[in-house]
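Each chain is listed here by its residues.
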Amino acid sequence: MKSSNKKSTVLITGGAGFIGSHTTDLFLSKGFKVKVIDNLSGGNLHNIKHLSNNRNFKFLKADLTKFDKKLSNFLSNVEYVIHFAGIGDIVPSIKYPEKYFENNVQGTVNLLSKLKIDKIKKFVYAASSSCYGIAKTPTTENHIIKPLYPYASSKYLAEEICLHWHKVYNLNFNSIRIFNAYGTRSRTSGAYGAVFGVFLKQIIENKPLTVVGNGKQKRDFLYVTDVANAFYKAAVTNLNGKIWNLGSGKPKSINYLIKLLNKEKDVTYIPERPGEPRVTHANINKIASDLKWSPKVSFETGVNNILENIDYWRNAPLWNKKNISKETELWFKFMKKYS
Ligand code: UDP
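How each quantity is defined
- Each chain carries its own residue numbering, running from 1 in the written order of its sequence.
- Local features are withheld for residues below a pLDDT of 70 in this predicted model, meaning they are given only at 70 or higher, and side-chain atom pairs are given and counted only at 80 or more; totals for whole chains, interfaces and linings count all residues.
- Working from all heavy atoms in the structure, the side-chain values ignore hydrogens and water.
- Cavities and pockets were defined on a 1 Å grid built from protein atoms only: a cavity is a group of points that admits a 1.4 Å probe but offers it no way out, a pocket is an open group of points flanked by protein on both sides within 12 Å along at least five of seven lines, and a lining residue is one with an atom within 4 Å of any such point.
- Grid points are joined across faces, edges and corners, and a volume is the space filled by probe spheres set on the points.
- Two strands form a pair only when DSSP identifies at least two bridges running between them.
- Strands are runs of DSSP state E lasting at least two residues, helices are runs of H or I lasting at least four, and both sets are numbered from the N terminus onward.
- Axis definition: a line fitted to C-alpha atoms, over the contacting stretch in the case of helices. Angles run 0 to 180 degrees between N-to-C directions.
- Note on definitions: a residue-residue contact is assigned when non-hydrogen atoms from the two residues lie within 4.5 Å.
- When a carboxyl oxygen of Asp or Glu lies within 4 Å of a side-chain nitrogen of Lys or Arg, that pair is called a salt bridge.
- For every residue, the accessible area obtained with a 1.4 Å probe (protein chains only) is divided by the maximum for its type, and the residue is called buried under 20%, exposed over 50%, and partly exposed between those limits.
- Residues enter a nonpolar core if they are buried and are Ala, Val, Leu, Ile, Met, Phe, Trp, Tyr or Cys, with the set joined through side-chain atoms within 4.5 Å.
- Orientation labels follow simple angle bins: below 35 degrees gives roughly parallel, above 145 gives roughly antiparallel, 65 to 115 gives roughly perpendicular, and whatever is left gives oblique.
- In this scheme, a crossing is called left-handed if the near helix is turned counterclockwise away from the far one by less than a right angle; it is called right-handed if the turn is clockwise.
- Three classes are used, and their members are as follows: Ala, Val, Leu, Ile, Met, Phe, Trp, Tyr, Cys and Pro are nonpolar, Asp, Glu, Lys and Arg are charged, and the others, Gly among them, are polar.

Caption draft 1: The arrangement of empty space enclosed by the protein in detail. In total, this model carries one cavity of 30 Å³ or more according to the counting rule given. Considering only enclosed or pocket space, the largest cavity measures out at about 40 Å³ in volume. Lining the largest cavity, in full, are Val212, Gln217, Glu272, Glu276, Pro277 and Arg278.

Caption draft 2: Looking closely at the sheet that holds strand 2 (residues 33-38). Overall, parallel pairing links the seven strands, which are arranged 3-2-1-4-5-6-11 in an open sheet. Each of the sheet's edge strands pairs with one partner strand only, and the pair in question is strand 3 (57-61) and strand 11 (242-246). In this sheet, neighbouring strand axes are inclined to one another by 15 degrees on average, regardless of whether the strands run parallel or antiparallel. Here four bridges tie strand 4 (residues 80-83) to strand 5 (residues 122-128), and the two strands are oriented parallel to one another. Its bridge partner lying in strand 5, Ile82 is registered against Val124. Contacts from helix 4 (residues 97-114) reach strand 1 (9-13), strand 4 and strand 5 within the one sheet, and its direction differs from that of strand 4 by about 175 degrees. Helix 5 (residues 150-169) contacts strand 5, strand 6 (173-178) and strand 11 of the sheet and is inclined by roughly 160 degrees relative to strand 5.

Caption draft 3: Structural view of the pattern of salt bridges. What the rule picks out here adds up to twelve salt bridges. Where Glu272 meets Arg278, a salt bridge forms, and the shortest distance between an N and an O atom there is 3.7 Å. When its relative accessible area of 46% is taken as the criterion, Glu272 is described as partly exposed. One salt-bridge network, in which partners are shared between bridges, spans Lys6, Glu79 and Lys121.

Caption draft 4: Up close: the nonpolar core. Residues Ile176 and Phe231 are the most contacted members of the largest nonpolar core, which totals 68 residues. At eight residues, the largest contribution of residues to this core is made by helix 7 (residues 224-236). Residues contacting Ile176, with those up to four places away along its chain left out, are Val124, Tyr125, Ala126, Ala127, Ala230, Phe231, Ala234, Trp244, Leu246 and Ile287. Counting residues in each nonpolar core, the second largest holds 28 residues, with Leu71, Val105, Ile117 and Ile161 among its members.

Caption draft 5: The packing of helix 4 against helix 5, seen in detail. Running from N to C, helix 4 and helix 5 cross one another at 15 degrees; their axes reach a closest spacing of 9 Å. Relative to helix 5, the element helix 4 is oriented roughly parallel. Considering how the two elements wind past one another, helix 4 and helix 5 form a crossing that is right-handed. Of the residues in helix 5, those touching helix 4 at Pro97, Tyr100, Phe101, Asn104, Val105, Thr108, Val109, Leu112 and Ser113 are Pro150, Tyr151, Ser153, Ser154, Lys155, Leu157, Ala158, Ile161, Cys162 and Trp165. Its residues placed into classes, the contact of helix 4 with helix 5 shows 13 nonpolar, five polar and one charged.

Geometry only, nothing functional implied.
Structure (structure tokens):
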């Protein structure tokens, strides 16, 4: 941060969530004042409770779909915005599309409309690599856009809207399309999804890990502190109007993850899901060269960090072959055409 006495203020939406709370910690450590809004639907106060006595930190429970005076006032003096707030997961988005467009798209429009755009030094949007659908790999930022389900569509539309604010109203803006983030504080509640939460609870309960297909599929997993660091750099850079892919650039198979979790002998197989990529793999050349960013935490270290904190997932829902099959019925019904 520049060496003036006055600290800059950053607003982090969804700052009580998984990536949001790590990003909050990072900005505080860099000398910023941090304001967090979160409706606590996916976020958890537990993730920010260590900050309750930090005088540079402010929290407001608020929902971007229901703007009120308190929330509008909270936006005063904000110079940077990191926008994570939104809802995730594939299956519920197929079930309740309107909820996804309201939260992820209209919520973003509401936020942009209430900000003093000319005071914003940078607005960084947390976009999703799901915009690419089943992509050619390694995937670059100019890959064709093909969202396959409402969650993916809603995240992409909100990115387009931010870009529109950049073009029309001169909003200083960058976007980061996150591949598979993992790490401590990843969500323990709600719908079936995100392989780490599923496996960790299965480990806690000594139940077999539910492996999709043959487990050879690969994901571009990136540890959450590396994700947070990319958002920090995307905020303080002079570059403007950029879109970057963010991953480790080194996809790992689910079988390798199971090996690191020491559960190779305790797995059960569940059917491959239509519309799921075999491999996700971010081409990270652009973000690496533009922001001088690179991943610092190896997959092995990241998985180890998680295992050391496995108790965090104790209250997560326990998934098995049977309840996964029921939960993913809609997925198979509507995604069959992509198989
Ligand atoms: N996966 C799995 N078992 C599960 C849930 C997920 O083997 O119970 C696999 C899934 O097939 C995918 C990977 O884990 O290859 C990551 O899934 P996640 O839902 O976390 O991310 P996404 O598929 O959206 O990238």
